[in-house]
Structures are given as C-alpha cells and as structure tokens.
Amino acid sequence: MQRDRASIIHLNVTDFAAAVAVAKDSRLADKAFAIALEGSARRVILTPSRRAWEEGIRTGMPVALAERMLPTLRILPPDVPATTKAEEVITSIVQAYTPHFQCDRGGHVYLDMSGTTRLFGPAVDSAVRIRKEIRERIGLEGAVAVASNKLVAKIGTRTIRPYGLAQIREGEEASFLSSQDISLLSGVGQAISSLLRVAGITQIGQLAQLDDEQTLAFLGKKGVALRDAARGLDRSSLGPSLTKQKQIIRKVSFAEPILDHASLKAALVSAAEDAGLEMRGENHGCSHIHLTLLWSDGRSSEASRRTKDQWILDLEIERVLWDCALQAANRRVSLLAFTLRLSDLNPALGQSDLFIPTQLERSSSLQSAVDRVRTKFGPAILCHAAALCHAH
C-alpha cells in the first residue's frame, strides 16, 4: 500500500484581527464590528467581524459606507500588540511539531509534517492537536486542512472557514477541487472571476478541463499556471527553515499623525537601535531590511533592501532604513505608523580581511561598548541624538 504523502497542514484563522479582538473581549463575540484606522475621513474597513460580514460589510469598504449600511456597526482601532502576541503564540505552538513551517500574516500558517509520523502520528492528528492548543491558549478558533501541497491545503481551509477540519488524501486532489467555486482558487481575483463566469466557468474543475491551446487563447501565457493550479498541481515549497524564517520586528504607532521627515527619522532611529540590540544579542546579522509605512487614509507603502553581506551595526541599519523611508514616503498625507523588519538572519560573520580598516574597527568597538551599557542599564540609557525627539 502506498504511503499517504498528504503531509502539508494549513491553518487559517479567518478575519484574524477581529478574531483576536473577540478572544480578548468575549462580549464582542456576537456583535457586528470592524477594525479600521482612526484619524482619517477616507478610512476603510481593514477586517470585519463574522457578524458584520454576514451583514454585507467587506474588507476595503469605506467606513462611511459601512456605517450607512449598518448603523449599529462598531468601529475598533487595530490592536497591534494583541495581534502580534497572538502570532507569536501560534508560532511557538507550531514550531514544536516541525522545523519546516511558514507563518504568513493574518493568521495563516503552513506546516510540512513529512517525517514526523513516528513522533506525532498522522498529519491529520497533529492538525487536530495544533488547532486545540491554539484554542486553549489564546482562544482563537481556526480552520485546518491537510493535503499533499500548499495550494490544495489552502483551498481546503477556504471551503470550511471560519472553523473546521478538512483532509484531502493524496490522489483525491482533482475530485476535491472539481466542484469548488472558482473564486476559491488563488490568483482568481474579481476581474478574472468575471471573465471566467462570462464563459460559463464557475467551478475549479471546469477550468482544469481546458487544454493548453484553449487556455492560451482564453487567458494567455499566465493562464496555463492558473489552469495547472486548478488541477491541483503545486510545486512550491514552504518558506525558509526556522533559522532563516526568524525576523526581528518593531512596530511604531505615532500618538498623533505626522507629516514631517524629522519626526519619522527620529522614530526610525529609535526603533532601529532597539531592533539592532536584540539582533546582536543573539549574535546575528541581517541581509534583508523591510519598511512598511501606514498612512491616515488606510493605505500603506513599502520599501526594502538586500545585501549579499550582512548589516550588523546600528549605523548601517539606520542608513538603510532611511533610504527605504525616502523611497516609501512619497505621499502627501499624514503618517500613522510604521513597521520595520530585520530578516535573513544568520550568525554574525567575522571580518574576513586580514587588515580591518581603522574606521570599521573603531565603529565595531564603539557598538560593542554601547551594547554592553544598554544591556546592563536598559536601552534608554544611551541613544542616538536623532532619537531624542521621539516619544515612546
């Protein structure tokens, strides 16, 4: 008998920010509410609660329109500390089952349970236990699916959300997908969905039946990949291993919306110093820096930098972050918050040159001295002058 290789688990906590709000305050469980940013007349719904969704409230809908549709709708601001903590707890739970996992934003997690049968039994048993642990520890109820690849597992959770368990055995992918609504397939947005429905294609199985010539004529070259996905074909792997996947994240929300670059730079320097101290405390350097700016109208802008080497010192991180900020801060609206991420973390590399440049040696020695003082007496004891005007 062939071994069942359906070992990919997908966890999906639907409407994650709203679910976290309910877990924190059970009185919201049966209420129509939505998460939206404060301080902008053009703000939009970020996440509706389950009850609000049933009343027609959708992500991206202007708050003013949502309130006209549902006068009893309650608007709550994002609770970044609570959602961050929930994500950290979920990560701590899943990493106990396998080193091969991928945590995406908004309550989505993939696990590759290959080779863990002797430890935990079949993958579906682990899925049940993981779901139960998350519910017991942080009160979040999610949908979980087990399949042979990420694509099918993701569609599995979409068919049963917000709660439940689905198992799609190897060899059953096509039959499972055939009757599912075409909108459940990743890559089918509103435009493609409308095009397919005009042609009478409403189910994933109908798209899967198209041959190459039909697909190219109808959807172009990119359509072939979509057709293959409809057949359950997915060769994508999970994200990096646990060591590669770890990130150091700092999220800063301003007490009042800001417009000036000086205030942004002060906050960036302060956050960079704090993140850099944590990174070096683990003897790591980073090769990827990412910055996301969140604006008062609900939109965001991003910029990132990569290097083949490593960034280790505060001066290096601050310089790169400011370059990212200048690229991303290209809008004439107020700034509400930002998130910086240091990723591609690896053990800090020693200087490979025989002769270390004097300036670099002095900078490294100074950084080490500053880190020792800040570790002993607290991060606030020493900071860059540019960070002094930023109120934590």
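Note that the structure is predicted; figures quoted are calculated from it, not measured.

**A word on the sheet that holds strand β6 (residues 108-112)**
An order of β5-β6-β1-β7-β8 is seen for the five strands of this open sheet, with the pairing classed as mixed. The strands lining the two open edges of the sheet, one partner per strand, are β5 (101-104) and β8 (164-167). Geometrically, the sheet is characterised by an average inter-axis angle of 10° between neighbouring strands, direction not taken into account. Inspection of the sheet shows β5 paired to β6 by four bridges, in the antiparallel sense. Paired with D104 across the two strands is H108, which belongs to β6. In the packing of helix α7 (residues 150-160) onto the sheet, contacts are made with β1 (8-12), β5, β6, β7 (143-147) and β8, and the angle to β7 comes to roughly 145°.

**Overview of the packing of aromatic side chains**
In total, this model carries two aromatic pairs according to the counting rule given. Ring centres of Y97 and F120 lie 4.9 Å apart, and the angle between their planes is 45°; on these two criteria the pair is classed as tilted. Of this pair, Y97 sits in the loop between α4 (80-94) and β5 while F120 sits in helix α5 (residues 117-120); the two residues are 23 residues apart in sequence, bridging distant segments of the chain. Using a relative accessible area of 8% as the deciding quantity, one classes Y97 as buried. Taking NZ or CZ as reference, R50 lies 5.0 Å from the ring centre of W53, over its face.

**Observations regarding the sheet that holds strand β2 (residues 33-36)**
With mixed pairing, the three strands of this open sheet are ordered in space as β3-β2-β4. Where the open sheet ends on each side, the last strands, each with one partner, are β3 (45-48) and β4 (74-76). Strand-to-strand, the axes of this sheet are offset by a mean angle of 35°, without reference to chain direction. Inspection of the sheet shows β2 paired to β4 by three bridges, in the parallel sense. Bridge pairing in β4 links F33 to R74.

**So, the pairing of β2**
Of the two faces of β2, the one holding F33 and I35 and the one holding A34 and A36 are both buried throughout. Here β2 runs beside β3; their pairing, made up of three bridges, is antiparallel. Bridge assignment links A34 to a residue of β3, and that residue is P48.

**A look at helix α6 (residues 123-138)**
The end-to-end C-alpha distance of α6 is 22 Å, a good match for the 22 Å that 16 residues give at a rise of 1.5 Å each. For α6, the full list of buried residues reads A123, V124, S126, A127, I130, R131 and I134. Viewed along the axis of α6, the buried residues span an arc of 155°, placing them on a single side of the element. Contact partners of the buried residues in α6: β1, α4, β6, α5, β7 and β8. Positive phi appears at G139, one or two residues downstream of α6, with a value of about 70°.

About the cut-offs
Residues numbered from 1 in each chain as written. Predicted model: local features only at pLDDT ≥ 70, side-chain atom pairs only at ≥ 80, totals over all residues. Heavy atoms only, no water. Pairing = 2+ DSSP bridges. Helix = DSSP H or I, 4+ residues; strand = E, 2+ residues; numbered from the N terminus. Axes fitted to C-alpha atoms, helices over the stretch in contact; angles between N-to-C directions. Contact = heavy atoms within 4.5 Å. Phe/Tyr/Trp six-rings, centres within 6.5 Å; stacked < 30°, edge-to-face > 60°. Buried < 20%, exposed > 50% of the residue type's maximum accessible area, 1.4 Å probe, protein only. Lys NZ or Arg CZ within 6 Å of the ring centre and 35° of its normal. Expected span 1.5 Å × (residues − 1). Arc of directions from axis to C-beta.

Purely geometric stuff here, so don't read any function into it on its own.
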